[in-house]
Amino acid sequence: MPRPIQAFIDLNALENNLHVARRATSSRIMAVIKANGYGHGLLRVAEALAAADGFALLDIQDAIVLREAGYRQAILLLEGFFTADDLPRIAEYDLTCVIHSSWQIDLLNAYPKRASLDVWLKVSSGMNRLGFIPHQVTQTMEQLRRHAAVRDITLMTHFAHADEARGIDEQLEIFDALAAPHRVARSLANSAALLRYPKSHGDWVRPGIMLYGASPFADTSAQQLGLKPVMTLSSRIIATQDLRTGDEVGYGAIYRAEHSMRIGIVACGYADGYPRQAPNSTPALVDGQRTQTLGRVSMDMLFVDLSKLPNAQVGSEVVLWGAGLPIEEVARAAGTISYELMCAVTKRVTVKT
Ligand SMILES: *Cc1c(COP(=O)(O)O)cnc(C)c1O
């Protein structure tokens, strides 16, 4: 028998979540599938989201894989190109590039071939990550407009607080003022802004996390938003131990039995992508029943509390997150976010669809 850990990817849930996005907006949808489709598998995700108007990712090679698989919609490189060598391939495969820094314009100016590239000019409207600062935007826009290799320009920005109480107003105001003089398409909204702020939708929305069935908000669950979990990470109990009062569990003994109890050893550890920082009491399901982890997560194994689950035994199924156990809950317990858990699942985990 192979090691029992697996990631089940629910393709119907992906389609459902794309429909949720469609119902929430009349803008075109640029499905964000960076980081191997948030850990779900690039081509697998693209196929289930084939009705999207575009795909956004980082790696040129991944973009080429999509083109060669037959996808004809816009493919946006979220960090644009990295070197001059990227430009001929971008032109050949008709990829759309984010332009976020002046060094990219310099490379573009040195690009000898007349190509027709679509570019998304990125504005840093508050988060000071990628993008031109507001007073550089008009001049940069003019440079791009005049550029022989540039076909179409879209103006974009990214929000720092769309998922929080602070919201998007400050950044939206800055962006709208910059965009007003120009007749160009606009793109601003990630999942949180798509779901909460219709006024930010512009011409293209860029949902990521919601497509994978997780809520971007701390105060609203995925279920409340109509989203279905796409990834279910599960494994099985491969051994049990009967503990007496005072017995210790795992590396560093961060758990000690307060009474006699039974625990299960699960074939899942941080080398599978389960977060090592998950403390005692992180939720898990055993045979569909809620319980909790105990002790420190090790490379290949973790412990679950079986004290209230007398029927659990070697072979019992353990859901680490997904169907029946929202990934956001596990992420919160482990001090991280669902995004990080999804992306962290490693190659040795068998994927099922
Ligand atoms: C990752 C990313 C998104 C998607 O964000 P979610 O919070 O996952 O919806 C949108 N836009 C940009 C520029 C991104 O990098």
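Criteria and cut-off values
- Residues numbered from 1 in each chain as written.
- Predicted model: local features only at pLDDT ≥ 70, side-chain atom pairs only at ≥ 80, totals over all residues.
- Heavy atoms only, no water.
- Helix = DSSP H or I, 4+ residues; strand = E, 2+ residues; numbered from the N terminus.
- Buried < 20%, exposed > 50% of the residue type's maximum accessible area, 1.4 Å probe, protein only.
- Contact = heavy atoms within 4.5 Å.
- Areas by Shrake-Rupley, 256 points an atom, 1.4 Å probe, with all protein chains shown as cover.
- Lys, Arg positive; Asp, Glu negative; His and termini not counted.
- Charge placed at Lys NZ, Arg CZ, Asp CG, Glu CD.
- Axes fitted to C-alpha atoms, helices over the stretch in contact; angles between N-to-C directions.
- Parallel < 35°, antiparallel > 145°, perpendicular 65-115°, else oblique.
- Left-handed = near helix turned anticlockwise from the far one by under 90°.
- Nonpolar A, V, L, I, M, F, W, Y, C, P; charged D, E, K, R; others polar.
- Domains from an automatic or database assignment.
- Buried area = accessible area lost by both parts, 1.4 Å probe.
- Salt bridge = Lys/Arg side-chain N within 4 Å of Asp/Glu carboxyl O.
- Polar contact = N/O pair within 3.5 Å; in protein donor to acceptor, adjacent residues only side chain to side chain.
- Near = heavy atom within 4 Å.
- Phe/Tyr/Trp six-rings, centres within 6.5 Å; stacked < 30°, edge-to-face > 60°.

Visitor: Is there a simple way to explain the overall build of the protein chain in this structure?
Guide: Each helix and strand counted, the protein chain has 11 helices and 18 strands in total. Across its three principal axes, the protein chain shows a C-alpha extent of roughly 75 × 40 × 35 Å. Expressed as a percentage of the 353 residues in the protein chain, the buried residues total 53%. For the protein chain, restricting intrachain contacts to residue pairs at least 6 apart in sequence, the fraction spanning at least 24 positions comes to 62%. Summed over all atoms, the accessible surface of the protein chain reaches about 16,100 Å², with 48% contributed by carbon and sulfur. Taking the 35 positively charged and 36 negatively charged side chains of the protein chain as two groups, their mean positions are separated by 2 Å.

Visitor: Explanation requested: the packing of helix α6 (residues 102-110) against helix α7 (residues 134-146) in the structure shown.
Guide: The geometry of a pair of packed helices is captured by two quantities: the angle between their axes and the separation between those axes. One way to put it is that α6 packs onto α7 with a least axis distance of 11 Å and a crossing angle of 20°. Judged on the interaxial angle alone, α7 and α6 are roughly parallel. In the crossing of α6 with α7, the sense of the turn from one axis to the other is left-handed. Note on element contacts: α7 touches α6 through T140, Q143 and L144, opposite I105, L108 and N109. For the contact of α6 with α7, the residue count by class is 3 nonpolar, 3 polar and no charged.

Visitor: How should the domain arrangement of the protein chain be read in this particular structure?
Guide: How big an interface is tends to be expressed through the accessible area that disappears when the partners come together. The domains assigned to the protein chain are domain 1 (11-212) and domain 2 (231-352). Between the C-alpha centres of domain 1 and domain 2 the distance comes to 37 Å. With 7 residues of domain 1 at the interface, the matching set in domain 2 holds 6 residues. Between domain 1 and domain 2, roughly 630 Å² of surface is buried when both sides are summed, and carbon and sulfur atoms account for 72% of that area. Summed over the three residues of domain 1 that lose the most area to domain 2, namely Y38, H40 and I209, the buried surface amounts to 61% of that side. The interface formed by domain 1 and domain 2 contains 0 salt bridges. Applying the counting criterion to the domain 1 and domain 2 interface returns 0 residue pairs in polar contact (both at pLDDT 80 or more).

Visitor: Before we go on, may I ask you to explain the pattern of salt bridges in this structure?
Guide: When the charged atoms of two side chains with opposite charge come close together, those side chains can pair. For the coordinates displayed, the defined rule picks out 15 salt bridges. R22 is paired through a salt bridge with D53; the nearest N and O atoms lie 3.1 Å apart. In this pair, R22 is assigned in helix α1 (residues 11-24) and D53 in the loop between α3 (42-48) and β3 (54-57), connecting sequence segments 31 residues apart. Classification of D53 as partly exposed rests on a relative accessible area of 25%. E170 is the salt-bridge partner of R166, the closest N and O atoms lying 2.9 Å from each other. Assessed through its relative accessible area of 44%, E170 is described here as partly exposed. A single network of salt bridges, built from pairs that share partners, joins R3, D272, D300 and R348.

Visitor: Explain the site of the ligand to me, please; I cannot follow it from the model alone.
Guide: The environment of the ligand is formed by 13 residues, the closest being K34, Y38, S191, I209 and Y339. Measuring from an oxygen atom of the ligand, one finds a side-chain N or O atom of K34 at 2.6 Å. Separating a nitrogen atom of the ligand from a side-chain N or O atom of H158 is a distance of 3.4 Å. A total of 390 Å² of accessible area belongs to the ligand in isolation, and the protein chains cover 92% of it. Residues belonging to the shell around the ligand are distributed by class as follows: 6 nonpolar, 4 polar and 3 charged.

Visitor: Looking at this model, I keep getting lost on the packing of aromatic side chains. Mind explaining?
Guide: In this description, a pair of aromatic rings is defined by centroid distance and the angle of the planes. Per the counting criterion, the structure on display carries 5 aromatic pairs. Geometrically, the ring pair formed by Y38 and Y212 is stacked, given 4.5 Å between the ring centres and 20° between the ring planes. Of the two residues, Y38 is situated in helix α2 (residues 34-38) and Y212 in the loop between β9 (204-205) and β10 (231-243); the sequence distance between them amounts to 174 residues. Residues Y38 and Y212 agree in their burial class; the two are buried. Considering the side-chain rings of F55 and Y71, the 5.5 Å spacing of their centres and the 90° angle between planes classify their relative orientation as edge-to-face. In this pair, F55 sits in strand β3 while Y71 sits in the loop between α4 (60-68) and β4 (74-77), placing the two residues 16 residues apart along the sequence. Per residue, the accessibility class of F55 equals that of Y71, and both read buried. Put simply, the rings of Y38, Y212 and Y339 pair up and form one aromatic cluster.

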